[in-house]
Amino acid sequence: MTDSVDWLEGLIRRDPARRGLAGHEQSPLCAGHLGAAAHDLADRAAVVGIVTGFAVPLDEGPVAETDGPPGAVMLAEIFSRLGARVWLITDDPCRGALEAGRNFTGLSDVPVISCPVDPDDATPCLDRLWTDEWGESLTHLIAIERIGPSHTPRSLAAQPRSGPAPLKEFERLVPPEDRDRHHTMRGEIMDASTAPLHQLFDEADRREAVRTVGICDGGNELGMGTLLWEDVSRRLPEPIGPRIVCRTRTDWTIIGGTSNWGGFALAAATALKAGRIDLIDSWTVERMSNLLEDLVAHGPAVDGCTRRHEATVDGLPFETFIQLWVEIRHRVGLES
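First things first, this report covers the structure right here in the doc. Keep in mind that what you see is a predicted model, and the values were worked out from it rather than measured.

### Re the sheet that holds strand E9 (residues 301-302)
If you walk across this open sheet you meet the 3 strands as E2-E3-E9, and the pairing is mixed. Among the strands making up the open sheet, the edge pair consists of strand E2 (55-56) and E9. The sheet contact formed by strand E3 (residues 63-65) and E9 spans 2 bridges and is parallel. Counterpart to Glu65 in the pairing with E9 is Val302.

### Overview of the pattern of salt bridges
All chains considered together, the criterion is met by 19 salt bridges. Its salt-bridge partner being Arg44, residue Asp40 comes within 3.1 Å of it at the nearest N-O pair. Placement of both Asp40 and Arg44 in helix H2 (residues 33-44) is noted, with a separation of 4 residues, approximately one turn of the helix. Among the residues examined, Arg44 registers a relative accessible area of 28% and is labelled partly exposed. A salt bridge links Glu203 to Arg207; the nearest nitrogen and oxygen atoms lie 2.9 Å apart.

### Some thoughts on the pairing of strand E6 (residues 140-144)
By the criterion of burial, E6 is predominantly enclosed, with 5 of the 5 residues buried. Burial along E6 is two-sided: the residues His140, Ile142 and Ile144 and Leu141 and Ala143 are all buried. Note that E6 and strand E7 (residues 211-216) share 5 bridges and pair parallel. Within the sheet, the bridge partner assigned to Ala143 lies in E7 and is Gly214.

### Details of the packing of aromatic side chains
Applying the stated criterion to the full structure yields 7 aromatic pairs. One aromatic cluster in this structure is built from Trp261, Phe264, Phe318, Phe321 and Trp325. Taking the ring centre of Trp283 as reference, the NZ or CZ of Arg287 above it sits at 3.9 Å.

The rules we used
- Residues numbered from 1 in each chain as written.
- Predicted model: local features only at pLDDT ≥ 70, side-chain atom pairs only at ≥ 80, totals over all residues.
- Heavy atoms only, no water.
- Pairing = 2+ DSSP bridges.
- Helix = DSSP H or I, 4+ residues; strand = E, 2+ residues; numbered from the N terminus.
- Salt bridge = Lys/Arg side-chain N within 4 Å of Asp/Glu carboxyl O.
- Buried < 20%, exposed > 50% of the residue type's maximum accessible area, 1.4 Å probe, protein only.
- Phe/Tyr/Trp six-rings, centres within 6.5 Å; stacked < 30°, edge-to-face > 60°.
- Lys NZ or Arg CZ within 6 Å of the ring centre and 35° of its normal.

Here it is as structure tokens:
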């Protein structure tokens, strides 16, 4: 294998849901970000926060989806074995899925931090992470499939671009009630069941020593603010697409057909950069399947597209979903 991990970025840019962000194109979004993030993590990851959990609205209440937590716990295990201290961070509706994943992987020394969804209660929870847990020691903050707030005219104008911000187009396409909101891909507003975890990234952006990564697949996740609103919204179907684009930026943004694929690719790329391919050897197809089954049963968790309690991801049967990981293992010389 060469030192380059560009082939991994190519693999994850399959777009099975045809959302428009991850498909192959002449100028793919955020090209090179996967390799740059993996290089920095392999080189200096010491204290890492991993933020995930996308609450799916169900009749019985919001429940975590199956895209995000598997990738998060794989990354947590990789970084822990590289010697980093790791935190898994989510909000109350998704806590069960993160605890199930943490327990499945045996990461007893990795705390799961869960914040209330009410902003008045969540802000002190987030502040305590900086004051009581991390201090000035945090090196990396990663979001994987974590919903974030949508754009406002102010955030649009603040994005660096060569010309004026397309404010008239924004005001035409994004009604006031859809600005500064957390959306599902269907355009549902999820503020009532979503803690403002984006505030962690706002604070990290002000700290020179912290590097941030956003792993996304649909446009409404933390990390999409790295890209101009107009570059993302034109790839998404109207009328919902322009409304849901997240405004929160990260240093590197990894876009895949599912966010789990992005997490798996970052784990493999970091292992390759560190010269430790053994770190992913234990992640066999069987272990992946068992993890997904465990999350659904004990989280609980549901497929974010079908909203069913089943071990599928974004509507993909496990056999289809896992083929990308089989391909990655094959490329690095590991059996399935």
